[in-house]
Every structure is written in C-alpha cells, then in structure tokens.
Amino acid sequence: MPGDHAVEVDRLHVVRGGRDALDRITLGVRGGTVTGLLGPSGSGKSTLMRAIVGTQVVVSGSVTVLGEPAGTAGLRRRIAYTTQSPAVYDDLTVRENVRYFARVVGAPNARVDETIELVGLGEEAGRVVGRLSGGQHARVSLATALVGRPELLVLDEPTVGLDPVLRRDLWGTFARLAAEGATLLVSSHVMDEAEHCDDLLLLRGGRLLAQGTTGEIRERAGAADLDEAFLRLVTEAARR
Amino acid sequence: MSAGTATAARVLLQLRRDPRTVALLLLVPCVLIVLLKYLFVDRPEVFDRIGAPLLGLFPFIAMFVVTSITMLRERTTGTLERLMTLPLSRLDLLGGYGAAFGLAAAVQATLVSAVAFFLLDLDVAGPAWLIVVLAILNAVLGSTLGLFLSAFARTEFQAVQFMPAFVLPQLLLCGLFVPVDQMARPLELLAYALPLTYAYDALQRVATETSYDWRLALDVAVLVGATALAIVLGAATLRRRTP
C-alpha cells in the first residue's frame, strides 16, 4: 500500500566510481516502523541512504520521501541523517555540538540536554567530542540527528562499535521513537541487528535481495536465523 | 537564533577552543610589525611608507589560510554533507563563516594597529581608523577567497600551498615592491586584475594623502565587489548533491 509508505524508491539507478552502486531498485519503507537496511559493506546501503536524504546524484528513477521528491527544501526540517563515520565537530563539546544542530533545525533549547540524556551521554555533556571513545562519538552524532525530532531518521550504521548493553538501549530508543510515529531507516552489516527491526531490506551488490518483515523473510528462505536466510537468498538469486 | 548566526557562533567557539591558533593569529602580525620597525629603525620614513599597507595586508593573508583550512575540514570530515541535508542555506553557511572570521579579523587588525600606532609611532597622513577599516575589508576578502579556493584542495597540505600559489603573486604584484605603473605592460595588466592591487592602493593613499577622491572609492568598490564575487563562487562550490 503506497499510501502508507514514508519512503518510496522506484527503479533507482545510481552510478558511483564507474559502476552501478544501485541497479534500478524499487522498494518502500513503511511509516512508523524501524526498518533495517542490511547487507555486506559495499552493497549500496550508504548510497541508498544518501539518495533518500537527497545528497546523492542519481542517474534515473525516483525517490519520494514523506510525499515529496527527495532533496526538496521542505524536507530538510522533517528528516535527519547521520553518516557512517560520525560527522560532528571534534573540537566542540557534546552539548555545543547538539546545541548547534538544534539551532540550525530550529529546535527549542530545552531539547538539547534532553536529547543528550536520551543517547546516554548525560555525564559527558561538557566534554570535548574529540576526546570521547568511538562509541560515544557515534552517539553524539545520533543526538545531533535526534534533536530536531524529525519525522524520518536515516541512520547509517549507528550501532557499530557499541557495547551490547548500549546497543540494546539504542534499539529500545529507536522502537520508542517509531511507536511515537517516527520512521527510522537504520543500516547495519551485522545480521543479528535484524531482530530489532519491524521490516527488513536486504541489499547485495546494488540489488534488493528481499524486503518484508523479519518473520516473512525467515519464512521465505526457510531458515531459522537471518544469517542463514541471507545465504539462502543469495544462492537463490545467483541461480535465477 | 537564525541558522547563519548559529553558524557564526559555532565557528567562533571552535576558534576559541584552539587557543594556540588564536595566539598565533593575534601575535604574529604584531611581531612582524615590530620586526619591520626595527629593520628600518634608522629610516622611519620607510617604516611609515610600508608599515601601514602591510598592516592592512596581514589580516588578508592570515584569514585566507585559516578559513580555507577550516572549510576544507568541514568538507573532509563529512559535516558539510550533513549540513547540506539541513535547513541551512548556502548563504547562511558562507555568511556565518564570513561574519565569524570577519570578527576575528577585526580584533586582529585593531590589535596590530594599536601596536603600530601607539607603541611604534607609525605615522600616517590619513586617519588611523581608516587603515583599520581597510584591514577588516581585506580580511573579509581573504576569508571569502579562502572559502572558495578550499573547494579545490583535497588535503590540508594542498590548502596550505594555496597561500604561496594565490597570495604571494598578488603580494608581489600589488605595487608594494614596484609601483604598478612602472611594471612591464603584461604584469601591469595582470596586477589590475588582482584584488590585492586595489587593497594596497587604498592603504597607500590613506598612508600618504590627507584628502581622497574617487580613486579611493573605486578601490573600496573593487574590494567589496571581489568579496561578493568570491561568495557567489564559493556558494557555487557547495553542492547539495554529490556523485
């Protein structure tokens, strides 16, 4: 049902570095869900995310986000994006970083500390980001995206390098945001993370291997765990 | 607070977090002007003639380097790509940078002028404040040129090399070493195509003359025009979509 889709991608073709990064893929992301974008590195996950947030030059096809063409000025207040390597200012403190992004998107000042607490960095708020650990760094980046309370969050590998407890907490936060009505598209190259998602998009070599709920995909592949399901889908696709 | 003001505040905060850069920005021009004073200690008329123009050109050089590297960092760390997905216009971003470094340049120009006029007895024919104003204009021009040229550097090494590549030729041709009208014709034409020539001409007029005509106005108009052009060119290098 296209009406329910927060993101619709239609025959999207992207060329990066002379090869097809996305080979005419078509997919949808349901609104109000946590959708996992899974696939090995180099499968086109980041390129797809860049196309959705409107920073990627595309060859052909269309991307519609919250009812508007991707990259439209009106969307910039409604979506938020974090890149794979945390793109925040290393020489500023956690609070200064989040405050800057809050001002740019026009979020109230009170939301700054609230969001820092949300990602579990309350005690680090006054510390310079460059001195934090890799995992904390990634969470600062996440906080700068969350502070505007966007309708669509596009998060590129936000849980990489985090300890399991934190990872579980973050997925809990994602689920809560989705329950409040936000749509989250979260990428990962770790299949285990799929357990936390409502819907899955499996990507490999710039093509969509499968999309559906976690249960549907497991069922279709006839596999107990998702790693196995992924392998079966890959061999199946190769046979076709 | 608007996105542009927020950006200016953020850039100033980043600058403040780096006290060594601030110290270098503020002290180096002062040390250089002291050096110049004692180089010509027996010929104060030479210090008076070249002191004021150099005073106004230091901020141009310093701000060119600082801005091009800060902007390059924004490009290479991925923060620029993120900013391009946010409700921040390209003019907000460039204006924010321009305002922040313009303010830093104002502090720098005021300090070095205070040293030159009060401690080193630099003597100019025109009002000292006009030298400071010209120095700030030059600094803003240096900032905007740095913002624009940073698009053509991939590494900080390259960005630093832009100083000798783009600033030194302008310094050589601006009229400080040889008056522009005494240069070989091709060099003279080239000099008139470079903004620093007008910056030097303006400073040199204020240093040696007491009343000004349209030629000073023309110099200032060229400086402001070159700054506007650099902003437009800089905005053109900021792409929301990249390959």
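Small disclaimer: the values here were computed from a predicted structure and weren't measured. (Residues numbered from 1 in each chain as written. Chains lettered and ligands numbered in written order. Predicted model: local features only at pLDDT ≥ 70, side-chain atom pairs only at ≥ 80, totals over all residues. Heavy atoms only, no water.)

### What about the sheet that holds strand 5 (residues 68-69) of chain A?
Residue and element names in this part refer to chain A.
Thought 1: Taken in spatial order, the four strands line up as 2-1-4-5 in an open sheet, and their pairing is antiparallel. In this open sheet, the two edge strands, each paired with only one partner strand, are strand 2 (19-30) and strand 5.
Thought 2: Two elements, strand 1 (residues 5-16) and strand 4 (residues 60-65), share five bridges in a ladder whose sense is antiparallel. Within strand 4, the position partnered with Glu 8 by the bridge is Thr 64.
Thought 3: Across the sheet, helix 1 (residues 45-53) touches strand 1, strand 2 and strand 4, and the angle it forms with strand 1 is around 120 degrees. (Pairing = 2+ DSSP bridges. Helix = DSSP H or I, 4+ residues; strand = E, 2+ residues; numbered from the N terminus. Contact = heavy atoms within 4.5 Å. Axes fitted to C-alpha atoms, helices over the stretch in contact; angles between N-to-C directions.)

### Here's the deal with helix 2 (residues 94-105) of chain A
Thought 1: With 12 residues, helix 2 of chain A extends 17 Å from end C-alpha to end C-alpha; this agrees with the ideal 16 Å at 1.5 Å per step.
Thought 2: Taken across its 12 residues, helix 2 of chain A has nine buried, putting it largely inside the fold.
Thought 3: For helix 2 of chain A, the set of buried residues is Val 94, Glu 96, Asn 97, Val 98, Tyr 100, Phe 101, Ala 102, Val 104 and Val 105 of chain A.
Thought 4: Buried positions along helix 2 of chain A lie against helix 3 (110-118) and helix 4 (134-146) of chain A together with helix 1 (3-16) and helix 4 (79-83) of chain B.
Thought 5: Phi for Gly 106 of chain A, located one or two positions after helix 2 of chain A, is positive at around 80 degrees. (Expected span 1.5 Å × (residues − 1). Buried < 20%, exposed > 50% of the residue type's maximum accessible area, 1.4 Å probe, protein only.)

### Some remarks on the nonpolar core
Thought 1: Formed by 80 residues in total, the largest nonpolar core has its most connected members in Phe 174 and Leu 184 of chain A together with Leu 93 of chain B.
Thought 2: Shared between two domains, this core takes at least three residues from each, and those domains are domain 1 (1-78 + 155-240) and domain 2 (85-149) of chain A.
Thought 3: If sequence neighbours within four positions are ignored, Leu 93 of chain B has contacts with Thr 7, Arg 10, Met 71, Leu 80, Leu 83, Met 84, Leu 88 and Leu 238 of chain B. (Core = buried A, V, L, I, M, F, W, Y, C linked by side-chain atoms within 4.5 Å. Domains from an automatic or database assignment.)

### Things to note about the interface of chain B and chain A
Thought 1: Of the residues lining the interface, 25 residues belong to chain B; the matching set on chain A comes to 30 residues.
Thought 2: Summed over both partners, the interface of chain B with chain A comes to about 2,700 Å²; 55% of that surface belongs to carbon and sulfur atoms.
Thought 3: Where chain B touches chain A, the interface holds two salt bridges.
Thought 4: The residue Glu 96 of chain A makes a salt bridge to Arg 17 of chain B at a minimum N-O spacing of 2.5 Å.
Thought 5: Connecting chain B to chain A are 17 residue pairs in polar contact (both at pLDDT 80 or more).
Thought 6: At the level of secondary structure, the elements contributing two or more residues to the side of chain B that touches chain A comprise helix 1 and helix 4 of chain B.
Thought 7: In terms of residue count, the dominant contributor to the side of chain B that touches chain A is helix 1 of chain B (seven residues).
Thought 8: Tallied by class, the residues present in the side of chain B that touches chain A amount to 11 nonpolar, seven polar and seven charged. (Buried area = accessible area lost by both parts, 1.4 Å probe. Salt bridge = Lys/Arg side-chain N within 4 Å of Asp/Glu carboxyl O. Polar contact = N/O pair within 3.5 Å; in protein donor to acceptor, adjacent residues only side chain to side chain. Nonpolar A, V, L, I, M, F, W, Y, C, P; charged D, E, K, R; others polar.)

### Brief notes about the packing of helix 3 (residues 44-76) of chain B against helix 7 (residues 156-173) of chain B
All names here are of chain B.
Thought 1: At a minimum axis distance of 10 Å, the contact between helix 3 and helix 7 shows a crossing angle of 155 degrees. Considered as vectors, helix 3 and helix 7 are oriented roughly antiparallel to each other. Considering how the two elements wind past one another, helix 3 and helix 7 form a crossing that is right-handed. Residues Leu 57, Phe 60, Ile 61, Phe 64, Val 65, Ser 68, Ile 69, Leu 72 and Arg 73 of helix 3 lie in contact with helix 7, whose contacting residues are Glu 156, Ala 159, Val 160, Phe 162, Met 163, Phe 166, Val 167, Gln 170 and Leu 171.
Thought 2: Class assignment of the residues belonging to the contact of helix 3 with helix 7 gives a composition of 14 nonpolar, two polar and two charged. (Parallel < 35°, antiparallel > 145°, perpendicular 65-115°, else oblique. Left-handed = near helix turned anticlockwise from the far one by under 90°.)

These figures come from the coordinates and say nothing about function on their own.
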